[in-house]
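Each chain, letter by letter, is given below.
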Amino acid sequence: MRLALTAATLLLSAAISSQSLARDFGYEKFEDAVRAVYGQDYGTMIPFDDITSPADDPTRRGEGYPGQIMNLAAARGRNGGVVYTNADVYCTPPASPAPIVVGTTQLKNWLYRTEIGLNGDFTVTGASPSDVIFQLSALDAKYVNSFSIQILNVRRYYLPRNDLINATKSATAACGPNFAYGLTSTLVGDVTITIAFVAGVDSGIAANIGQHVKLNLKLHALAVRGGSDTNPLLVFSEGPKIFAIRAEPLPLK
Amino acid sequence: MRAANGLRLAATLLAAFAVGTGCTPVPTLRNVLAQHYAGYDQVLPASEALPNEPRYEYLPGNIAAFTLTEPRSIFAAASWSSKSDYCSINVPLSLFRPKQRNSTIVVHDFDLSLRRALGLKKAQADLQLEPNEIELLRKVEIRISSPKEYFVQKTPKPDFVQSCLAAMTGRTDIKRIRAILVGDISIKILFKENVGFLSKTALLGKLQSNFGFGFLNGTAQDMSATNVVFAARLGAVRQNTPH
């Protein structure tokens, strides 16, 4: 039975990997920024995920607390960072320990400017025309001047090693062996995504692109229109969201 | 103490020599640490200091796993990434007796001082900027205010969880945190005239990563972090008796 479950987990992971978003150039570059600011071992979590605040979830049953065990698809980016695709499959330990919550670096003004190539193809600096960028198609992206992500009020959730080992052990005992990762640290913040369009873009096209971004990044809020006719903007603002995690293969040692 | 003074003098002389020879260090956090807080390295992620949390990650005396991100050089401190695998001494920061250190202000005028010292290429390389991007900058000011040094003390005694130490035994990546620097940091960036909003935003995003500071609050061109652990001194751990 245990073998069958393990095999099923591996198959699930492989299935998730095959449709992984991790080869998305935008996500990979965002992961580079995460590693530069927070350290080498943090990987970007996509799509960004909601988390309940510790005050609203006193027993920490919601997703994203250190000590939980999870299934994730992990893919290496071109520069060595890890991009985790969340499968929303997780298990909490029976007594989920209260994390240490500490303020840390904000990720401000992280921005991509798009460029139109000589042949009319869309790209951004460093990307090839065939790259997918934040899941936008080239058709959409040619209307986008820049795409920026700002993450404010960043908090880091973490635990000492002994608490992590105890929590992941008790979660495995309670939920079985079909989980691949232990969550060891989480970065949470208020996310603002700003899409600046090229001048004169049709409002229907802008709304359509906004809808694509909202669906791809699993955002809930409606976009707010801003800027001017020559510099139209769509702004999504939500929080708190998990945007990066640290995870280790189980069992933790 | 005499050794520390000697090191500081040597670093100052080296810096002066470097300016004279056109190798001006650029004010990244690593360079500021090397010049003004010798022996300290940058640690990531940056973290606000929690005075009353006995399980805090950056307590002096903690045993913790780190990855070396950037090695130390003559002009730059090393940079370490915390793996967030650690055993806490379980003594909150409020029970330590910190030592006041000197505040620091570093101003870099990109129009004058760097060009005069022919260090522009090095600045561009250190900050990982494109040639056209460094042309947008006029001045960078880095200020470290009221830094306090917390270091390992004999009392109160550490209260490690033994199973935590046992789990860390044998690892080659563990260090003991010997001391930390806590203070307020601010960076002011002045652009040249007629630099567009998008160019400023893009450059600021890049600078934030490459300066290596933690910004807990502030606006885009005036960034600051209050009461933040911005550096640590790490030492080896004796594997047989880690505590």
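Everything numeric here is computed off the predicted structure, so don't read it as measured data. Chains are numbered independently. Their residues run from 1 in the order of the written sequence. Here chains are named by letter from A upward and ligands by number from 1 upward, in the order in which they appear as written. Side-chain atom pairs in this predicted model are given and counted only at pLDDT of 80 or more, local residue features only at pLDDT of at least 70, and totals for whole chains, interfaces and linings cover all residues.

### Focus: the overall build of chain A
Phase 1 of the analysis: Along chain A, the regular secondary structure elements total 5 helices and 10 strands.
Phase 2 of the analysis: Put simply, a residue is buried when 20 or more other C-beta atoms lie within 10 Å of its own C-beta and exposed when 12 or fewer do; between those, it is partly exposed, and each C-beta is set from the backbone. Counting all 253 residues of chain A, 48% fall into the buried class. Secondary structure counts use DSSP, requiring at least four H or I residues in a row for a helix and at least two E residues in a row for a strand, with both numbered from the N terminus.

### Thoughts on the overall build of chain B
Phase 1 of the analysis: Of regular secondary structure, chain B possesses 7 helices and 10 strands.
Phase 2 of the analysis: The buried share of chain B, reckoned over its 243 residues, is 41%.
Phase 3 of the analysis: In chain B, of all internal contacts separated by at least 6 residues, the share reaching a separation of at least 24 is 82%. Contact between two residues is assigned whenever their backbone-derived C-beta positions fall within 7 Å.

### Structural notes on helix α2 (residues 25-38) of chain A
Each α-helix turn comprises 3.6 residues. Residues three or four places apart therefore point the same way.
All names here are of chain A.
Phase 1 of the analysis: In this scheme, a helix's expected span is set at 1.5 Å multiplied by one less than its residue total. For α2, built from 14 residues, the straight-helix expectation of 20 Å at 1.5 Å per residue is met to within 8% by its first-to-last C-alpha distance of 20 Å.
Phase 2 of the analysis: For α2, the buried fraction is high: 13 of the 14 residues fall into the buried class.
Phase 3 of the analysis: Phi for G39, located one or two positions after α2, is positive at around 115 degrees.

### Here's the deal with the confidence of the model for chain B
All names here are of chain B.
Phase 1 of the analysis: Think of pLDDT as the predictor's per-residue confidence, scored from 0 to 100. Summarising the model, chain B shows a mean pLDDT of 76, and 62% of its residues fall at 70 or more.
Phase 2 of the analysis: Averaged over each element, pLDDT in chain B is lowest for strand β9 (residues 217-219) (44) and highest for strand β5 (residues 99-100) (96).
Phase 3 of the analysis: Ignoring residues within four places in sequence, the model shows residues 114-118, a span with pLDDT below 50, making 10 contacts including any to other chains.
Phase 4 of the analysis: Taken together, the chains of this predicted complex give a pTM of 0.77 and an interface ipTM of 0.71.

### With respect to unusual backbone geometry
Phase 1 of the analysis: With an omega dihedral of -10 degrees, the bond running from G239 of chain A to P240 of chain A counts as a cis peptide bond.
Phase 2 of the analysis: Tracing the chain through its elements places P240 of chain A in strand β10 (residues 232-249).
Phase 3 of the analysis: Of the consecutive residues L250 of chain A and P251 of chain A, the connecting peptide bond is found in the cis state with omega at 0 degrees.
Phase 4 of the analysis: Considering the arrangement of structural elements, one finds P251 of chain A in the segment after β10.
Phase 5 of the analysis: The backbone of N90 of chain B sits at a positive phi, close to 60 degrees, despite the residue not being glycine.

### Side note on the environment of F25 of chain A
Residue and element names in this part refer to chain A.
Phase 1 of the analysis: As for its placement among the helices and strands, F25 is situated in helix α2.
Phase 2 of the analysis: Classification of F25 as buried rests on a count of 20 C-beta atoms within 10 Å.
Phase 3 of the analysis: In sequence terms F25 and R78 are 53 residues apart; their C-alpha atoms lie 8.8 Å from each other.

### Thoughts on helix α4 (residues 161-175) of chain A
Phase 1 of the analysis: The end-to-end C-alpha separation of α4 of chain A is 21 Å, in line with the 21 Å expected for 15 residues at 1.5 Å each.
Phase 2 of the analysis: Among the residues of α4 of chain A, those classed as buried are R161, N162, D163, L164, I165, A167, T168 and A171 of chain A.
Phase 3 of the analysis: Buried residues along α4 of chain A sit against β2 (69-76), β3 (82-91) and β8 (181-197) of chain A together with β4 (79-87) and α6 (162-168) of chain B.
Phase 4 of the analysis: Once α4 of chain A finishes, G176 of chain A follows within two positions and takes phi at roughly 95 degrees, a positive value.

### Focus on the environment of D41 of chain A
Phase 1 of the analysis: Tracing the backbone shows D41 of chain A in the loop between α2 and β1 (43-50).
Phase 2 of the analysis: Distance from D41 of chain A to Q211 of chain A, taken between C-alpha atoms, is 32 Å for residues 170 residues apart in sequence.

### A word on the pairing of strand β3 (residues 63-70) of chain B
Along a regular strand, successive side chains alternate from one face of the sheet to the other.
Residues and elements named next belong to chain B.
Phase 1 of the analysis: The sheet contact formed by β3 and β4 spans 6 bridges and is antiparallel. Counted as the bridge partner of T67 is S81 from β4.
Phase 2 of the analysis: Two strands are said to pair when DSSP picks up at least two bridges between them. Where β3 and strand β8 (residues 174-191) come together, 3 bridges link them in antiparallel fashion. Its bridge partner being in β8, A65 is matched across the sheet by I174.

### Overview of the environment of H108 of chain B
Residue and element names in this part refer to chain B.
Phase 1 of the analysis: Within the secondary structure, H108 sits in strand β6 (residues 104-109).
Phase 2 of the analysis: Its 20 C-beta neighbours within 10 Å are what place H108 among the buried residues.
Phase 3 of the analysis: For H108 and T69, which are 39 residues apart along the polypeptide, the C-alpha to C-alpha distance reads 25 Å.

### Considerations on the confidence of the model for chain A
Phase 1 of the analysis: On average, chain A scores 79 in pLDDT, and the residues at 70 or more come to 79%.
Phase 2 of the analysis: For chain A, per-element mean pLDDT is lowest for helix α1 (residues 2-18) of chain A, which scores 42, and highest for α4 of chain A, which scores 95.

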